[in-house]
Amino acid sequence: MRSSLIIALCFAVLSLPSFSQEKRKLSHDDYDKWENLTGVEISADGTRALYLLNPQRMDGSLFIRHLQNDEQVVVPRASRAAFSPGGDFTVFHINPPRDVVRQAKVEKKKSDQMPKDSLGIFIFKSQNIDKFADVLSYQLPKESSDWLAFLLEKKKNKDADETARNDAATDSIPLSEEETTEEIKEEKKEETFKQLLIHNPVLSESITYDNVPIYQISENGKTIVFVQEQESEEDSLKMKKVFSFDTSSQRLLLIDSAVGDFKHLVVSKDGVVLSWLFSADTTKVKVYDLFVHAMGRRPETHHISADEENMPQGFAVSEYRAPEFSDDNSRLFFGIAAKPEEEPKDTLLDEEKYSLDVWHWQDPLLQTQQEVSNKRIKEENYLTVFHLETGAMVPLADEEMPDINRDRFGLAPVVMGFSDLEYQRESSWTGRRARDIFLVDVKTGTKKPLISEAKSSVSLSLYGNYITAYDPDQKAWFCYSTKDGSRHNLTAGLKVAFYDEENDVPADAYAYGIAGWAENDKFVLIYDRYDLWKMDPSGKKPAVNITGGYGRENNIRLRHEMLHSDQYHVSSKEIVLSAFNETSKQSGYYTLDMKNLSLTNLVMEDAALSQLQKAKEEDVFIWRRGTFNDYPDLWSSDTDFSDQNKLSQANDWKEEYLWGNVELVEWHDFNNKKLQGLLYLPENFDPQKKYPMIVYFYERTSDNLHRHSIPSPSRSIINPAYCTSNGYIVFMPDITYEIGFPGHSAYNAIVSGTYTMAERYPFINRDRMALQGQSWGGYQIAYLVTKTNMFRAAMAGAPVSNMVSAYGGIRWASGMVRQFQYEKTQSRIGGTLWEKPFHYIENSPVFFAPDIQTPLLIMANDDDGAVPWYQSIELFNALRRLDKPAWMLVYNKEAHNLKEWPARVDLSVRMYQFFDHFLKDEPAPRWLEEGLPFIEKGIDSGYELME
C-alpha cells in the first residue's frame, strides 16, 4: 500500500481522479495540464528515487519515493533536484507560482523585482524541510559528504538615519521641477548582495559570508573556495579576497587579496589545489593572469601572465575557458588567446558609416557562417597545460591546430590534436569536415602528424593510450598507439559491416560507433548493426563477437548501457545491454558475463524501455516504460527484474479521454520491397464504419511503435493521440530511397502503403484521406500532390518547392549553404546542379504546380533557420497564379518548428480545422473561407465556423 507524507504546506498528496462513465474527445483546451516526467535520479544506496512531474502550463512537483516501503513526499513547484551523495537529504529549487510570475510580467516589473526561487532541503531522518528564500544556485559534492554550498540574493539593510531621512523627504518635501521619474525609480531600487551559505543539514550547522560573487565546492566535499568583495570607505574600488573553507575543521583560510576582477575560481577534486583568473585592469578590456595555489604545510602559489616564458608573442590567458585540474593535480589545463586590445573610440555618426560584407570565393567559411560563429570566434582560445611540479607552461593547441581532445583523467603523456582548417571550404558541399589528426606531447608541446584527412569518427581512448579511427574508404576501424604510432586494422577479415547497412544517402555511411573502453584501455568494444565486438587495441589478439551473433540472428540491436554518471569504463566482469528488436519493435535489457560471454535476458516487452539507471552502491535499477497508450512512467526492481514496482503515475486522468491503439503493419512497395509502418486506430473503433485517414511521414517511423506522445499543441506535426481521439485513423509509412530520385522514392513508399491500407482495411474511407508532414516531410508532400490526386487535402510544413533555387540558398541557423544537403545528405540528388540539372528539376514540385489538384495548407515561418521560407513563397505564388486552393501560415519571428505556446495552439486549431473541413465536411472557419486581412492581424483569429 503506497503512502504519502504531508509536511506543513510544502508537500501535497496525489489524489486519485474520479472518472466519469463517458469518455470525451481531446480538445485544444486540454493541453495545459498534461505532464512530462523529468529529472530522474536514484540515490547511491538504492533506497530512494526522485523525479519531477511538470505540466505543460501549470506548476509542477517533485516526487521523492522510498523504494522499500513506498512512502513518498511531494513538493509543489520544485525543480533542479538532487540527492546528497551521502543519501541523507535532497536539495531542490522551489519556483514561485506561475500565476505570480505572470502577474509580475503583466506589471512589467524589473528583473530585480521579479519573484525568485527558494532553496529546499528535505532531510530524511527528521522528515523536515529547510527553506531559504531567493536562491541563485547551489552545489553538491560528488562523493559522500553532508556539506553543500549555495548562493542567496539578499537585500541590503539601510541604517535607521538613512531610512528616517528618506521617510521625511517623502512626507514633507515637494517634488522639485528638476527631479525626473527616472531618478525617483532609481532611488527606489533596492540594492542587493550575494550571500554564500555553507550548510550541513544533518548537523544543522551553517556559516554565511556576504558579498560572494563566485564559489565552488570540491568533489569530495572537503573544501569550498570563494571570492568575497569588501568595500573600502577610503577607496571606491572593492577589495576582493579568495578564501578556502575546510568543512571538517570549519577553518577559513585567506588565500589571496587584491583590487580587481576575479574569474573562473576552481578547486581540484580532492580540494587541496585551487586556481583562478585575475585582472587588475579597470578598463572594459581586461588582460587576465592565471593563479594556481597549492594548500598544505608548505603552500605555494604559481602565477602565469602574458610575460610567461613559453607564452606565444602577443598572447595572454583567455577569460573564456575555465581551468581544469588533472585527477592527480599534477596538471592544470587552461586556455590562451591573442591579448585583447581596446578598440579605438568611434567618432563617426551612424549616417557617416556604411555597412558591408565582402564575400570572397576562397573564404574558408561563408560570411553567413562567420556571422553565426562570431561569438565563438571571438572567444576562441587554445588549450595549454601548466605542470605544477616543474612550473612549466606548455601550449598544446595553436592557430594551425586549434582543437584538442585529452584523456578522461588528464594524465596521459599525449593529447590528440586536430585541425579542419584545410577542409572548411569544401564542407559547404560535402556536409562533413575532414580533419588532420596529430599527437601532441604534453610535456613539450611537440606535435606529430598521425592521420591526414580523416573523414569519419576519430577519438582518443579513455586513458589516452590509443586513437581509434573509422576509415569509410576501407570500411574498417583502425587503432593507433599513442606510444609508438603503430597502426592496426581492428576489423580486417571480419564478415560483418561496421557501418550503417541501411545507408541510403549519397555519402559514406557512418560507423555504428564505439561502445566504450575497458579500464587502462585493455580493450575496446565496437558495434556492428546488432552485436558487440571486443577488440584488442594492440592488435595482438583477434576480435571476438562477445554477444556471439545473438543480435544479428534475432534481429535485435544490442547496445552497452552506462548505468550512472560516474561510470567511465566498460566492466571486465558484467555489463548491461539495451535491446531493440527491429522486427517486432520490442525492447528490453540483457546482461553479459564478460568472462564466459553468456547473455541473460532480463526483460523484453512490447513497450519502449529507456533511461536505465543503477544505484552506485546497491543492486537496484530504475528505468522508464511506455507505450502509445501508457505514459513512460518510472519503474524499479532488483537487477534481475524479478520484482518490478511502478513508481510514478503521470497523467492518470488519461482514462477520462478517448485515446486509441496502434498496430505494426507491413506491405510491399511498387518495387516489391517489404516495408513497415504504423497504423493508429481510434479507441472506440468500429470496423463497420468508415474513418478519415491522415498520412504522416518523414523517413522511417516504424521503430516508434511504442512511443507515447502527450496531448500537446503542435510545433509542426500532428499528434497521433489527438487524431485518434477525434475519430481519425493515422498511417505512418517507412520510406526507403533511391539516390537521385527522392521524390519518386517517397511516392513509391507512401502511395503503395496508402493503397494497401485502403484495400486491406475497408473501414478506411479512401475518399477522405490527407497528408501531413514537416520539413523533409513537407517537401515530400509538395512532391506527392503533383503526382497523385488520391488525397483530399494536404498540409506541408516548411517544404522545399524548388531544388534549383534552394541548392544555393542558406541555412540561416548555421549560415551554411545548402549545397551539401543535395549532393551528399538528405535530399539525395547525389551531384551538383550543373551535373544533374534534370534531377533537380524533376524533384522540384514548383515546376509541376499545374498538376496539383489537392487543397494545400503550408506553414512557413519567417525566422526559419533550416529551410528558407521563400521556398514556400515560390510554391504558394505558383498556386495562387494558377488559381488553385492554397493557404500559407507565416508565424512571425518563429523558427523551423514553433517554439512559443500561443503560436503552437494557433497552429493546432487551424491545422485540425483544415482537416475537419476537408475530411469530415465540417464548416470551414472564416480564415479558411475568406482569409484574414493584414488590418485584422492580432485582432481577430477568424476561427469562427461559416454556416
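Residues numbered from 1 in each chain as written. Predicted model: local features only at pLDDT ≥ 70, side-chain atom pairs only at ≥ 80, totals over all residues. Heavy atoms only, no water.

Peer 1: I'd like a description of the nonpolar core, backed by residues and values.
Peer 2: Core analysis: the biggest nonpolar cluster contains 58 residues, and Leu634, Ile718, Met795, Phe914 and Phe915 have the highest contact counts within it. For Phe914, the contacting residues outside a window of four places in its chain are Ala793, Ala794, Met795, Pro855, Leu856, Leu857, Trp887 and Leu928. Ile729, Met757, Met790 and Tyr807 belong to the second-largest nonpolar core, a separate cluster that totals 53 residues. (Core = buried A, V, L, I, M, F, W, Y, C linked by side-chain atoms within 4.5 Å. Buried < 20%, exposed > 50% of the residue type's maximum accessible area, 1.4 Å probe, protein only. Contact = heavy atoms within 4.5 Å.)

Peer 1: Requested: an account of the sheet that holds strand E38 (residues 544-545), with residues and values cited.
Peer 2: The strand order across the open sheet built from four strands is E35-E36-E37-E38, with neighbouring strands paired in antiparallel fashion. The open sheet has two free edges, formed respectively by strand E35 (514-517) and E38, since each of these has just one partner strand. As paired strands, strand E37 (residues 532-535) and E38 are joined by two bridges and run antiparallel to one another. The partner of Trp533 across the bridge, within E38, is Asn545. (Pairing = 2+ DSSP bridges. Helix = DSSP H or I, 4+ residues; strand = E, 2+ residues; numbered from the N terminus.)

Peer 1: Residues and numbers for the sheet that holds strand E44 (residues 620-626), please.
Peer 2: Read from one edge to the other, the open sheet built from four strands follows the order E43-E44-E45-E46, with strand pairing classed as antiparallel. If you trace the sheet from one side to the other, it starts and ends with strand E43 (608-614) and strand E46 (645-646), each paired once.

Peer 1: Which residues make up helix H14 (residues 870-881), and what values do they have?
Peer 2: Helix length check: H14 (twelve residues) gives 16 Å between terminal C-alpha atoms against 16 Å at 1.5 Å per residue, within 8%. Considered for burial, the residues of H14 that qualify are Gln871, Ser872, Leu875, Phe876, Ala878 and Leu879. Seen along its axis, H14 keeps its buried residues to an arc of 160 degrees; they face one direction. More than 90 degrees from the buried face of H14, the exposed residues found are Arg880 and Arg881. In this structure, the buried side of H14 is in contact with helix H10 (776-784), helix H11 (803-807), strand E55 (856-859) and strand E56 (886-889). (Expected span 1.5 Å × (residues − 1). Arc of directions from axis to C-beta.)

Peer 1: Provide a residue-level description of the side chain of Thr701, including the pertinent values.
Peer 2: Secondary-structure assignment places Thr701 in the loop between strand E49 (691-696) and helix H8 (720-725). The exposure class of Thr701 is buried, given its relative accessible area of 5%. Not counting chain neighbours up to four residues away, the residues in contact with Thr701 comprise Leu678, Met732, Pro733 and Asp734.

Peer 1: Could you give an account of the packing of aromatic side chains, with specific residues and numbers?
Peer 2: Applying the stated criterion to the full structure yields 43 aromatic pairs. Plain terms: the ring middles of Phe278 and Phe291 are 6.3 Å apart, the flat faces sit at 75 degrees to each other, and that makes the pair edge-to-face. In this pair, Phe278 sits in strand E19 (residues 273-279) while Phe291 sits in strand E20 (residues 289-294), placing the two residues 13 residues apart along the sequence. Residue Phe278 shares its accessibility class with Phe291, and that shared class is buried. Where Phe409 meets Tyr463, the ring centres are 4.9 Å apart and the plane angle is 40 degrees; that geometry is what we call tilted. Here Tyr463 lies in the loop between strand E31 (458-460) and strand E32 (466-471) and Phe409 lies in the loop between strand E27 (403-405) and strand E28 (414-419), a separation of 54 residues in the sequence. For the pair Phe409 and Tyr463, one class covers both residues: buried. The rings of Trp34, Phe628, Trp653, Tyr657, Trp659 and Tyr680 are connected pair by pair, giving a single aromatic cluster. Directly above the aromatic system of Tyr499 lies the positively charged group of Lys475, at a separation of 5.7 Å from the ring centroid. The positively charged end of Arg559 is found above the aromatic ring belonging to Tyr527, 4.2 Å away from the centroid. (Phe/Tyr/Trp six-rings, centres within 6.5 Å; stacked < 30°, edge-to-face > 60°. Lys NZ or Arg CZ within 6 Å of the ring centre and 35° of its normal.)

Peer 1: Can you explain the pairing of strand E39 (residues 556-560)? Please cite residues and give values.
Peer 2: Consecutive residues of a regular strand have side chains that alternate between opposite faces of the sheet. Summarising burial for E39: four of the five residues are buried, a large majority. Examined bridge by bridge, E39 and strand E40 (residues 574-581) share five bridges and lie antiparallel to one another. By the bridge assignment for E40, Ile556 is matched with Asn581.

Peer 1: Outline the layout of surface pockets, supporting the account with residue identities and numerical values.
Peer 2: Space inside the largest pocket adds up to approximately 1,100 Å³. Lining the largest pocket are 39 residues, and of these Glu502, Arg529, Arg700, Asp734 and Thr736 sit closest to its centre. When grouped by side-chain class, the residues that make up the lining of the largest pocket number seven nonpolar, twelve polar and 20 charged. (1 Å grid on protein atoms, 1.4 Å probe; cavity = no way out; pocket = protein on both sides within 12 Å on 5 of 7 lines; lining within 4 Å. Points joined across faces, edges and corners; volume = space filled by probe spheres on them. Nonpolar A, V, L, I, M, F, W, Y, C, P; charged D, E, K, R; others polar.)

Peer 1: Now, about unusual backbone geometry: what can you tell me, with residues and values included?
Peer 2: The backbone phi angle of Lys108 is positive, close to 55 degrees, even though this residue is not glycine. Within the secondary structure layout, Lys108 lies in the loop between helix H1 (98-106) and strand E8 (118-123). Relative accessible area serves as the criterion here: at 74%, Lys108 is assigned to the exposed category. One non-glycine residue with positive phi stands out, namely Lys893, at about 60 degrees. Following the sequence through the fold, Lys893 ends up in the loop between E56 and helix H15 (901-920).

Peer 1: Explain a positive patch on the surface to me, using residue names and the numbers behind them.
Peer 2: Judged by side-chain charge, Arg57, Arg98, Arg102 and Lys105 come together as a positively charged surface patch. Here Arg102 lies in helix H1. (Patch = residues over 30% accessible without salt bridge, like charges linked within 9 Å, V, L, I, M, F, W, Y side chains within 5 Å. Areas by Shrake-Rupley, 256 points an atom, 1.4 Å probe, with all protein chains shown as cover. Salt bridge = Lys/Arg side-chain N within 4 Å of Asp/Glu carboxyl O. Lys, Arg positive; Asp, Glu negative; His and termini not counted. Charge placed at Lys NZ, Arg CZ, Asp CG, Glu CD.)

Peer 1: Got a sec to walk through the pattern of salt bridges? Specific residues and values, please.
Peer 2: Two side chains that carry opposite charge are able to pair once their charged atoms sit near each other. Within this structure, the stated rule accounts for 49 salt bridges. We note a salt bridge from Glu699 to Arg828, for which the minimum N-O separation is 3.1 Å. Here the residue Glu699 occupies a position in the loop between E49 and H8, and Arg828 occupies one in the loop between helix H12 (819-823) and helix H13 (837-842), the gap between them amounting to 129 residues.

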